[in-house]
Amino acid sequence: MTAPEGLEILHKLVKQSDILVENFISGKLATMGLGYEDCKKLNPRLIYASITGYGQTGPYRKAAGYDVIVEAEAGLMHITGESDRPPSKVGVAATDIATGLYAHGAIMAALLSRQQTGKGVWIDCNLFETQIAGLANIASNYLIAGKEASRHGTAHPSIVPYQVFPCKDGYLMIGAGNNKQERDLPPLAVDQFKLLAGEILENPALATDPRFATNDARVANREALIQIISDTLLKQDREHWLQRFTGLGVPFGPINNIKQTFDHPQAVAREVIVEVEHPRSGKIKLVAPAVSYNGKKMAVRRPPPWLSEHTTERGRIGPGRAGILVREHRIVEEAINHLIKKKGPVMSLNLDLPTPTDFPAFPYNPPYEIQVELMRHIYTTIEQKKVTIVESPTGTGKTLSLLCASLTWLRDEKDRAKKGKLHAVAGDGADAKDWVIEQTRERVRRELEADEREYEARLAEARKREDLMKKMAKGRVTKKMRKDVPATKQPNDEEDDQFLPESESPRDNEEMYISPALRALMARVESASRSGLGDGEEEPTCTKIYYASRTHSQLTQILPELLRLKLSLRVFSHHPSTNESIPPGKKRPIEDLDTGAEITPCTRTVALGSRKQLCINDELRAKSRDLDEGCRELLGEKGDKRCPHLPLVRDEGKMLDFRDQILATPKDIEDLAAAGRRAQTCPYFGARRAIPQAELITLPYNLLLQKTAREALGIDLTDQIVIIDEAHNLIPTLLSLSTTRLPYATLATSFMQVCLYVSKFRNRLSPANLLHLKRLVVFLDALKKYVLEWKEGRIGKSAIEEKGVSNKTEKVEVMTAAELLERLGRKASGINLLEIEKYLRSSKLNLKVARKIAGYSDKEAEKNGGTQRSRRGEIPPLHAVEAFLVSLTGATEDGRVTFSLTSSPGNGDVELKYQLLNPSPLFKEVVDAARSIILAGGTMSPVSDVVDQLFSYLPPDKFTSFSCGHIIPAENLQAMVVSKGPRGGELEYKAGKQGDSTVIAELGQILLNFINIVPAGMIVFFPSYNFLNTAKAVWHQSGLLDKFGVKKKTTTDKARGALLFAVIGAKLSEGLNFADDLARAVVIIGLPFANLGSPELRERLQYVKRLEQRRPTKKKPGQKDASAELYENMCMNAVNQSIGRAIRHRGDWASLILLDRRYASPSIRNKLPNWIGNGLTVTEGFGQTVKGLGAFYRNRRVAS
Ligand code: SF4
């Protein structure tokens, strides 16, 4: 009910219903938009029955109602129980039941009233008043006669005998007290006590005993008489006495247990038990309605519902398209699981999805065994809601396997949802012959199909519209939307008002950045784009796959692979065989749509990208330095100044049409931008709008990993599947996303702008605004001064230290946030940064203070004839300060502030940086929310590194990993560690040896040997640029470089058959694709350990070490500590990325030559990918190396 779609469903139900019954605490539903007044507006004829504990008014109106509490509070418990025992409750929830009956009567009366008046009624019914009304004669005794009541057990206060008596084997209720009846009609006219005494108890003297002759006397002598009767009754069993009582007219009744009650001849005669067929439990017995109509009992039309049965049934009224099934499925699943637990084998529906043995959607038949294994692993991981790391070497069809497995699961999940729904409606124990059940099942099936067809038809329409637009676009050159750019208006002093904070602006409606109407519009656009909802638009949502990769080019690889899958997520449609003919690596030409051929529905896909990729406002693109900021500014404009591509709310249909076009045909970013241009609708916001209904969303890392980005896009990862491709980049990305930077120049500009602003508006700002801004000035001033002081110290120091070596230096200091604040001095450290940060972020809809301050400063700059540069269209500098403040205020022990001197000492700048040392917290939010996380990469080794850094908190059974072999036969790869050089010396390229000309000369000889053997291209990776440059200089001098050139062209760019020099971890290694003759050998020189001189690295390593020390499990003897492990892992991660790309397909072959004896150590070897490490050989001497290489290439040549 708290979810918007739930409320939507309820509103629809209210519109259609006669009666609403609720038992929320008074006023609660009104806060949820479901109070009587809300519902009355939706349906004035509604009978709204509120059943509460104490009613809608009065001091107890907010108290919850409990039967026993009200029994106690409203007198019932006081009169219930034995007089000498504590109060007792009634055996059933009598007050609850009575209240229901009162409510029932009231509803019937209200229906009659509505028949006459045509108006609904609000019924206020409650336990408390019901119970008081139920006090009946007890209440009258008090109200009229002023008599307080007391407890009498089963006895009557004023009639004796009138109570329960024990017999030998049970109890009897006897009531015999009316001595007036003697004068009245026979046979009841006889004195009941006389009959009891004489005929039943066979003690007629009792009736004449003056102590018991009259009822008054018996009341006065109650104890004596009760004792006598009890003693007599105890002599015989209950059956004996029942025989005696029968037919004499003395009221009596046995105290029956529940079985005896249902076996009672009257109960049998009146058919108080009915049998109904329950779809899950077979025939069940129920109590029949207590009332007959014209001598007939009402039929029991349906069995009692099971948990959520009607929720799922009524849920269809809401977003009843394909997506809702997923939610329904979960409800059904929960209910069934609950029952399975309770009833065990009775339940037969198994909702678990078994892992398939084959994947018919895979475009190659048959797939390689490792591809099937990988797909099975992915499928199981998703089904079992786990986190996994998978390593699938380049060239093994990783993307295709990931898509195929995850989308196969998604299709099966949809099918399961349908099955669950049908099962929940008709039940698994249903007898197929039962026409009612069959009919219900059939009806639901038809409705589901109709929903899906209806949805498909809508997308087909969108496809046709897109076709038409494309045809039209082909026939003409789309005119660029041009607008007359108004002459720059000279700002004047009055216009300064627009820069005042919202509350102080005297002309909000005129000169503000955004008018209230536009603000409302933006709020709607924003909320609509978040929720995907337009007015009156039902918004289905569904389980989806978020496929993230790091770069745009990696993301563009996904669509061609998707289109090659022989898979449709639609149950009622089929994928065309034509898709099979799309060649590998090619995507379906978008022009195919122009043929008018029927395009079969396929996965609803959305590509999310940045404004830079998707903005179609060319005017803005041409002039804006920052598109995000420029677009935000345009959103704040009104009239024809606003972006023409973002439809107004009244043109919402245009955006929804475009959304359907996006979903109707899978598009990558370029296709999406083109479609947006054709539809003249913003693809950036269009893609956002399509998120809820999309099944596959491709997006760059930052949009997935940053909470703010997810929130802005309306991405809810709950129970969704997240695939992170190229995941070896994940940890560095997480660390960089947690980083905020504040260059000194930005800090200084912000300070200047805030000072200017405060001095201008000092007298017009509210005291609160002024106070916040003054505090900001103090803080910025202190920070600025400290940065300058720090810089002075560094320049002075470096000038001395670096004298004669280099005028370029980089000085770094790492500190905690608390240390920084302490260094700013008492005045600044006493300021509550949280308040300032809150103030800066306080205004909504981009009306941030930062923009106003920057705006005023820009205006002043323009006024001063450009002596100061205007920053219009750029992010306000204060935003960077704000981001830095956010980091400082949220700083944890995982965070560090770094000061860096970044350029030449004479005029160097300082950069302030806040960074998390721990990548895990940022990612944990994703892990906690998602159903399943798949980290995939060509080379994820060492996997332990990822596990330690990201998943150390996960229970072991939640995490799995999978490492694929390669699709190449083993003989296509030669991996060797060369530990000895031609002169027999051990090869080791530590940092200290990298400048040694002897070492470099020997390395040159080694490479020359390799060049002579390797038949085609060869890549040589150096651990650093320094080493590479030094080596090249030495070889150039010795003429060795020329010798290399005789055999192979030397290059630093890829070329067929050439010798390529590269550096591990540098730009070149990312995205390397050296198939076939481009690289028949990859040589890695040394181990690229990071520079331990970096204070930031040292800080991170120390942090990891501290974390390890705090863990309860201590490391085993001889085991490396966590910081050493991390340091080594960082190095091997980089090596693995470089060597993992040499082999691109099954027929490819190459040598991987690791030049350094340290590669032979078990700890380093174990960090290689299995498919390389398993066949790794360590050569004894250089002769063996040369021999081995020669044999490998000879064999390969023969084989090919
Ligand atoms: S609304 Fe869209 S098209 Fe317009 S400026 Fe913003 S991103 Fe560009």
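Source: prediction; values computed, not measured. (Residues numbered from 1 in each chain as written. Predicted model: local features only at pLDDT ≥ 70, side-chain atom pairs only at ≥ 80, totals over all residues. Heavy atoms only, no water.)

A short note on the overall build of the chain
- Along the chain, the regular secondary structure elements total 49 helices and 28 strands.
- Nonlocal contacts in the chain, meaning residues at least 24 apart in sequence, comprise 74% of its contacts between residues at least 6 apart.
- Approximately 57400 Å² of the chain is accessible, and the part contributed by carbon and sulfur atoms is 53%. (Helix = DSSP H or I, 4+ residues; strand = E, 2+ residues; numbered from the N terminus. Contact = heavy atoms within 4.5 Å. Areas by Shrake-Rupley, 256 points an atom, 1.4 Å probe, with all protein chains shown as cover.)

What to know about empty space enclosed by the protein
- Enumeration according to the criterion identifies nine cavities of 30 Å³ or more in this entry.
- When its volume is computed, the largest cavity comes out at roughly 110 Å³.
- Around the largest cavity sit 14 residues that line it, and L555, A607, K667, D668 and T698 are the ones nearest its centre.
- Within the residue set of the lining of the largest cavity, elements represented by two or more residues are α22 (552-556), α23 (558-564), β13 (605-607) and β14 (696-700).
- Taken together, the residues that form the lining of the largest cavity break down as eight nonpolar, four polar and two charged. (1 Å grid on protein atoms, 1.4 Å probe; cavity = no way out; pocket = protein on both sides within 12 Å on 5 of 7 lines; lining within 4 Å. Points joined across faces, edges and corners; volume = space filled by probe spheres on them. Nonpolar A, V, L, I, M, F, W, Y, C, P; charged D, E, K, R; others polar.)

Thoughts on the pairing of strand β27 (residues 1150-1155)
- In terms of residue burial, β27 counts as a mostly covered element, since six of its six residues are buried.
- In β27, alternate side chains face the same way, and those of A1150, L1152 and L1154 on one face and S1151, I1153 and L1155 on the other are all buried.
- Bridge analysis of strand β26 (residues 1081-1085) against β27 gives five bridges, and the strand direction is parallel. Residue pairing for β27: V1083 is matched across the bridge by I1153. (Buried < 20%, exposed > 50% of the residue type's maximum accessible area, 1.4 Å probe, protein only. Pairing = 2+ DSSP bridges.)

A short note on the nonpolar core
- Counting 67 residues, the largest nonpolar core has L608, I724, F923, L935 and F951 as its most contacted members.
- Three or more residues apiece are contributed to this core by two domains, here domain 3 (544-558 + 604-720) and domain 5 (739-929).
- Not counting the four nearest positions on each side in its chain, F923 is found in contact with L705, I724, L730, L734, I933, L935, L950 and F951.
- Ranked by size, the runner-up nonpolar core spans 45 residues in total, among them L742, L747, L885 and L916. (Core = buried A, V, L, I, M, F, W, Y, C linked by side-chain atoms within 4.5 Å. Domains from an automatic or database assignment.)

Regarding the pattern of salt bridges
- In the structure shown here, the tally under the stated rule is 35 salt bridges.
- The shortest N-O distance in the salt bridge between R611 and D628 comes to 2.8 Å. Residue R611 is found in helix α24 (residues 611-614), and its partner D628 is found in helix α26 (residues 627-635); the two are separated by 17 residues along the sequence.
- Look at R611 and you get buried, because its relative accessible area is 6%.
- Salt bridges linked by common partners bring E383, E413, R416 and R931 together as one network. (Salt bridge = Lys/Arg side-chain N within 4 Å of Asp/Glu carboxyl O.)

Quick notes on the site of the ligand
- The local shell around the ligand consists of C615, I616, N617, L620, C631, C643, H645, C682 and F685.
- Here the residues of the shell around the ligand are counted per class, giving seven nonpolar, two polar and no charged. (Near = heavy atom within 4 Å.)

Quick word on helix α40 (residues 920-929)
- Looking only at α40, the buried set comprises S920, L922, F923, V926 and V927. With its buried residues spanning 160° around the axis, α40 presents them on a single face. (Arc of directions from axis to C-beta.)

Points about helix α29 (residues 683-690)
- Burial of α29 is extensive: eight of the eight residues sit out of reach of the surface.
- If you check which residues of α29 are buried, you get P683, Y684, F685, G686, A687, R688, R689 and A690.

Concerning the sheet that holds strand β3 (residues 121-126)
- Reading across the sheet, the three strands line up as β1-β2-β3 and stay open at both edges, with parallel pairing between neighbours. In this open sheet, the two strands that pair with only one neighbour each are β1 (19-22) and β3. Going across the sheet, the axis of each strand differs from the next one's by a mean of 15°, ignoring polarity.
- Two elements, β1 and strand β2 (residues 47-52), share four bridges in a ladder whose sense is parallel. By the bridge assignment, V21 is partnered in β2 with A49.
- Packing of helix α5 (residues 94-117) onto the sheet brings it into contact with β1, β2 and β3, and relative to β3 it is tilted by some 165°. (Axes fitted to C-alpha atoms, helices over the stretch in contact; angles between N-to-C directions.)

Points about the sheet that holds strand β12 (residues 545-549)
- Reading across the sheet, the seven strands line up as β13-β14-β12-β15-β20-β11-β21 and stay open at both edges, with parallel pairing between neighbours. Edge positions in the open sheet fall to β13 and β21 (959-963), since each of these has one partner strand only. Adjacent strand axes in the sheet meet at a mean angle of 15°, parallel and antiparallel pairs treated alike.
- In terms of strand pairing, strand β15 (residues 721-724) meets strand β20 (residues 932-937) through four bridges, oriented parallel. Note that in β20 the partner of I724 across the bridge is L935.
- Lying on the sheet, helix α41 (residues 943-950) is in contact with β11 (387-391), β20 and β21; it crosses β11 at an angle near 155°.

Things to note about unusual backbone geometry
- The peptide bond linking V160 to P161 adopts the cis configuration, its omega dihedral lying at 0°.
- Between N365 and P366 the backbone carries a cis peptide bond, its omega angle lying at -5°.
- Even without being a glycine, A136 presents a positive backbone phi close to 50°.
- Mapped onto the elements of the fold, A136 is located in helix α7 (residues 136-145).
- On the accessibility criterion, A136 (43% relative accessible area) is partly exposed.

Details of the packing of helix α27 (residues 652-664) against α29
- Packing of α27 against α29 leaves a shortest axis separation of 9 Å and a crossing angle of 75°. With respect to each other, α27 and α29 are oriented roughly perpendicular. Of α29, the residues touching α27 (which contributes E652, M655, L656, F658, R659, I662 and L663) are P683, F685, G686, A687, R689 and A690. (Parallel < 35°, antiparallel > 145°, perpendicular 65-115°, else oblique.)

Digging into the environment of C631
- Looking at where C631 falls in the secondary structure, it is placed in helix α26.
- The spatial distance from the C-alpha of C631 to the C-alpha of R611 is 8.3 Å, given a sequence separation of 20 residues.
- Apart from residues lying up to four places away in sequence, C631 is in contact with R611, L620 and F685.

Quick look at the environment of P303
- With respect to the secondary-structure elements, P303 resides in the loop between β10 (296-297) and α15 (309-315).
- Assessed through its relative accessible area of 22%, P303 is described here as partly exposed.
- Considered as a pair, P303 and K285 are 18 residues apart in the sequence and their alpha carbons are 9.6 Å apart.

Remarks on the pairing of strand β18 (residues 895-901)
- Taking burial as the measure, the seven residues of β18 include seven buried ones, the bulk of the element.
- In this sheet, β18 lies alongside strand β17 (residues 811-815) in antiparallel orientation, the contact comprising five bridges. Directly across from V812, in β18, lies its bridge partner S900.
- Looking at chain direction, β18 and strand β19 (residues 910-916) are connected through seven bridges and run antiparallel. The partner of L901 across the bridge, within β19, is V910.

Quick look at the confidence of the model for the chain
- Residues at a pLDDT of 70 or more form 78% of the chain, whose mean pLDDT is 79.
- Counting contacts from residues 428-433, a segment whose pLDDT is below 50, to residues more than four positions away or on other chains yields 12 contacts.
- Low pLDDT, under 50, characterises residues 802-809; the predicted model gives this stretch nine contacts beyond four residues in sequence or across chains. (pLDDT = per-residue confidence, 0-100.)

Considering the packing of helix α42 (residues 997-1013) against helix α43 (residues 1025-1038)
- Orientation of α42 relative to α43, taken along the N-to-C sense of each, is 80°, at an axis distance of 10 Å. Of the possible angle classes, the one that applies to α42 and α43 is roughly perpendicular. On α43, the residues that touch S997, I1000, A1001, L1003, G1004 and L1007 of α42 are F1027, T1030, A1031, V1034 and W1035.

With respect to the packing of aromatic side chains
- Considering all chains together, one arrives at 25 aromatic pairs under this definition.
- Taking the centre distance of 5.4 Å and the plane angle of 70° together, the rings of Y36 and Y48 count as edge-to-face. With Y36 in helix α3 (residues 36-42) and Y48 in strand β2, the pair connects residues that are 12 residues apart, well separated along the chain. Taken individually, Y36 and Y48 each receive the classification buried, so the pair is uniform in this respect. (Phe/Tyr/Trp six-rings, centres within 6.5 Å; stacked < 30°, edge-to-face > 60°.)

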